[in-house]
Structure formats: C-alpha cells, structure tokens
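Next come the chains, spelled out residue by residue.
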Amino acid sequence: MEDKKGFNKAETEAGPAKKFFSALGLVVLSLALAVFTVVVINV
Amino acid sequence: MNLGQSFVSLWERLSTDVGFAVTFGISIVAFAFLYYYITKFLLKNNSGQLILVLVAAAVILGGVLLFNPNISNGLFMVVPLLMVVIVICLYSVEIKRLVWAKKDVKLASVKHDGSFYDEEKINTCITEIVKALQDMSKTDTGAIIVLSSGNIPSQILDSGVRLDSDISSALIESVFFPKTPLHDGAMIISGTKVVAAGCFLPLSQQVDKIPKDLGTRHRAGLGITENIDVVSLIVSEETGIITIAKAGKITRYADSQALKKVLVDYYWQELSSVRRK
C-alpha cells in the first residue's frame, strides 16, 4: 500500500521574547486603561 | 472647579482618606483584570483592530468628560459595560467553547473495560484505524475521526448517534460511505471504542490559517482541537489527502507512519491516564 506523501506545514511558533513582550504589553495596556477609567470616574 | 483643581483635590483625598484610597486601588485592579481578559480574548480571536477602536473610543469619551464639567463623569462606566456587551454579542460561539473547555463542565463519561490494557487490542485498533483512513483516502471518501480521552462535551455526542462499538476498519468505512445517514458528521473514538458517529463539531474561526482548498470538514476537525485536548484525523473528499489536526494546528499529507505515530501517542497517553486513576 502506498501512502500519499508530502510535507508538513508546521506553523512557526512565536519566540519566548516576543511572547513575553506581547504579554507585558497587554498587562500595561490593561493597567493604563484601568487607571484612566478610575481617574475619569473620580475626578 | 477646573480640571487641574479636580486632580489636586483627587490627590489630596487619596493621601488623606485611607478608605477612599483602598477603594481606588481595588477599582484599578478590578478594571485591569476586566480589560486584560477582554483584550486577551479579542487578540486570541484575531480582533486586534477592535481593541484599537475600543481604546480610542475610551480615550475620546474620557477626554470629553474630563474637559466638560456639565456631564457626569460616571457616564464613563458605559465603556467597560459596552466592551463586555460587544464581546458577548460578537463572540457568543467562542464563549460557549471556552465554557466547554472548562473541566468542571459535565463531560461524557466513557467507561474503559479491562481489555483496554491489552496491548494486542491497542495494536489492532491502530492498524484498523490506519487501514480505514488509507482505504478512504484511496477512494476519496470524506471522513473525520476524533480521538478523545472521554473529554468530549455531551452536547457534541448527543448531536450524533451513540455506537459504543469495537473499532474495525469495516465499521469506520461503512459509517463514512457516501449517502449513508452518518457519513457527514464526525466519528468520536475513545480508547478502544467508537463512541458515536455523525456528530457535529464547532467550526474553527481561524479562516486565515486554513488553506482555501480545505472545506468545512477540515474547519470542523480543526475547531474541536482548538479548545479541547483531542486529535482529529481528516480525509479530504476532494483530494483524499489525510490531515491531522492537533492543538489548533493542522499537518497535511499524513502518511501511514505519521498516522501510526499520532495513534501510538494517543493510546500511550490514554493508557497512562487510565493507570493513574
């Protein structure tokens, strides 16, 4: 029995540094928005 | 009172009123968590542009409220509320999937009989599944098989027909034979049993990651692996190409070695989990 042979289209994973900075960016953005929200409401 | 004076008075209150400062801090943490999960969810669903729109809207509204003393600043509360409403309205399917992925949801119970430990039986299952997939590949018969560990939500199993049968290539090929009632859905395998067939699976939303020549069957096969730890084996009806979907990623052109490797990994994990119980 012959198989249909080909190649694997493996996705390239994002590096750990990129993951860290994207997570850090998300945290900073959330904190900035949270501070902005609370300040606007209370000023 | 102008804007500068308002900020000074807020700062003075924060430094003198401990209760207010604590409430202020807790509010910031709560809003930060809310925004974090909303933005993370939107990023995961390829909606980065929507985040920019929402942030821009929040900044504009905040600016308007800060510079216009005639409007109550409490109106800014509509921003987080609007974000939650938008996410619920636009991504109800994805939210449903997240709920399914939680472990405390009622999962289909699949009993493992003693024969599960039988190495010979496992080898037979692997051979039969590979044979069925290759036979269907040669005849361009569309098929989708999901290898689960008893972690398929009951809603999915109930959408098909429960079989609870031993695995055989004849059974698999019969189920997927065109024009039969169950051929269009997915077959769910758990351990050495075919649990159900003709099941409907949630479709993947990663439209840009799936090649254009792949249809709904592949989207369904990929969709189920995005949030539930299962493996999908898909045979294309058009080309006969066998595709493996795992953890939201697809590997096309699977040959018998690749299929055997996936199945051995699956049965090894299954065996380990059953022994741990």
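See the structure printed just above.
The numbers attached to residues start from 1 for each chain and follow its sequence in the written order. Lettering of chains starts at A and numbering of ligands starts at 1, both following the order in which they are written. In keeping with the predicted nature of the model, local features appear solely for residues at pLDDT of at least 70, side-chain atom pairs appear and are counted solely at 80 or more, and the whole-chain, interface and lining totals rest on all residues. Remark: hydrogens and water are excluded; side-chain values derive from all non-hydrogen atoms of the structure.

**Student:** Looking at this structure, I do not really get the overall build of chain B. What am I missing?
**Tutor:** Per the convention used, a helix needs a DSSP run of H or I reaching at least four residues, while a strand needs a run of E reaching at least two, with both numbered from the N terminus. A tally of helices and strands in chain B yields 10 helices and 7 strands. Per-residue accessibility, obtained with a 1.4 Å probe over protein chains only, is compared with the maximum for each type, and a residue is labelled buried under 20%, exposed over 50%, and partly exposed between these values. Taken across its 277 residues, chain B has 45% of its residues classed as buried. Contact between two residues is taken to exist if any of their heavy atoms lie within 4.5 Å; hydrogens are not considered. Within chain B, counting contacts between residues at least 6 apart in sequence, those at least 24 apart form 64% of the total. Here the accessible surface of atoms and residues is derived via Shrake-Rupley with a 1.4 Å probe, and residues count as covered only by protein chains that are part of the display. Of the roughly 14700 Å² of accessible surface on chain B, 62% is carried by carbon and sulfur atoms.

**Student:** In this structure, what is going on with the nonpolar core? I would like to understand it.
**Tutor:** The tendency in soluble globular proteins is for nonpolar side chains to be buried side by side. All names here are of chain B. Ile 189, Leu 233 and Tyr 267 are the most contacted members of the largest nonpolar core, which totals 30 residues. Mapped by element, the contributors of at least two residues to this core are α6 (119-138), β1 (143-148), α8 (169-175), β3 (186-190), β4 (193-199), β5 (231-235), β6 (242-246) and α10 (256-276). For this core, the element with the highest residue contribution is α6, accounting for 8 residues. In this description, a nonpolar core means a group of buried Ala, Val, Leu, Ile, Met, Phe, Trp, Tyr and Cys residues linked to one another through side-chain atoms lying within 4.5 Å.

**Student:** Explain helix α3 (residues 48-67) of chain B to me, please; I cannot follow it from the model alone.
**Tutor:** Count 3.6 residues to each turn of an α-helix, and residues three or four apart come out pointing the same way. Each residue after the first adds 1.5 Å to the expected span of a helix. For α3(B), which comprises 20 residues, the first-to-last C-alpha distance of 29 Å matches the rise-based estimate of 28 Å (1.5 Å per residue) to within 8%. Every buried residue of α3(B) is accounted for by B:Ile51, B:Leu54, B:Ala58, B:Gly62, B:Leu65 and B:Leu66. Taken end-on, α3(B) shows its buried residues confined to a sector of 95°, consistent with a single buried face. Seen from the buried face of α3(B), the exposed residues on the opposite side, beyond 90 degrees, are B:Gln49, B:Leu52, B:Val53, B:Ile60 and B:Phe67. Taken together, the buried residues of α3(B) touch α1 (16-42) of chain A together with α1 (3-16), α2 (18-44) and α4 (78-90) of chain B. As used here, the arc belongs to the directions running from the helix axis to the C-beta atoms.

**Student:** In this structure, what is going on with the interface of chain A and chain B? I would like to understand it.
**Tutor:** Many descriptions give the size of an interface as the accessible area lost when the pieces come together. Across the boundary between the two partners, chain A contributes 27 residues, which contact 43 residues of chain B. With both chains or domains summed, chain A and chain B bury close to 3000 Å², and 73% of this area falls on carbon and sulfur atoms. By definition here, a salt bridge exists when the distance from a side-chain nitrogen of Lys or Arg to a carboxyl oxygen of Asp or Glu is within 4 Å. Where chain A packs against chain B, one counts 0 salt bridges. Definition of a polar contact: a pair of N or O atoms within 3.5 Å, with one able to donate and the other able to accept a hydrogen when the atoms are protein atoms, and with sequence-neighbouring residues admitted only if both atoms are side-chain atoms. If you look at where chain A meets chain B, you find 4 residue pairs in polar contact (both at pLDDT 80 or more). Residues are grouped as follows: Ala, Val, Leu, Ile, Met, Phe, Trp, Tyr, Cys and Pro are nonpolar; Asp, Glu, Lys and Arg are charged; all remaining types, including Gly, are polar. Broken down by class, the residue content of the side of chain A that touches chain B amounts to 15 nonpolar, 5 polar and 7 charged. By buried area we mean how much accessible surface two parts lose on assembly, using a 1.4 Å probe and totalling the loss over both.

**Student:** It is not clear to me how the layout of surface pockets should be interpreted in this structure. Could you clarify?
**Tutor:** If a probe the size of a water molecule is rolled over the atoms, the empty space left behind becomes visible. All names here are of chain B. Cavity and pocket criteria rest on a 1 Å grid covering protein atoms alone: a 1.4 Å probe that fits but cannot get out defines a cavity, protein on both sides within 12 Å along at least 5 of 7 lines defines an open pocket, and an atom within 4 Å of a point defines a lining residue. Grid points are joined across faces, edges and corners, and a volume is the space filled by probe spheres set on the points. Taken as a whole, the largest pocket holds about 890 Å³ of empty space. Taken together, 25 residues make up the lining of the largest pocket; nearest its centre are Lys 40, Phe 41, Leu 43, Lys 44 and Asn 45. Counting residues per element, the lining of the largest pocket draws most heavily on α2, which supplies 8 residues.

**Student:** Explain the packing of aromatic side chains here, please?
**Tutor:** What describes a pair of aromatic rings is the distance from one ring centre to the other and the angle between the planes of the rings. All names here are of chain B. For this analysis, a ring pair means two rings from Phe, Tyr or Trp (six-membered ring only for Trp) whose centres lie within 6.5 Å, classed as stacked if their planes differ by under 30 degrees, edge-to-face if by over 60, and tilted for the remaining angles. Applying the stated rule across the entire model yields 7 aromatic pairs over all chains. Plain terms: the ring middles of Phe 20 and Phe 24 are 6.0 Å apart, the flat faces sit at 50° to each other, and that makes the pair tilted. Separated by 4 residues within a single helix, Phe 20 and Phe 24 lie in helix α2, roughly one turn from each other. A residue is classified by how much of its surface remains accessible, and Phe 24, at 11% relative accessible area, is buried. An angle of 25° between the planes, with centres 6.1 Å apart, marks the rings of Phe 31 and Tyr 35 as stacked.

Taken by themselves, the reported measurements are silent on function.
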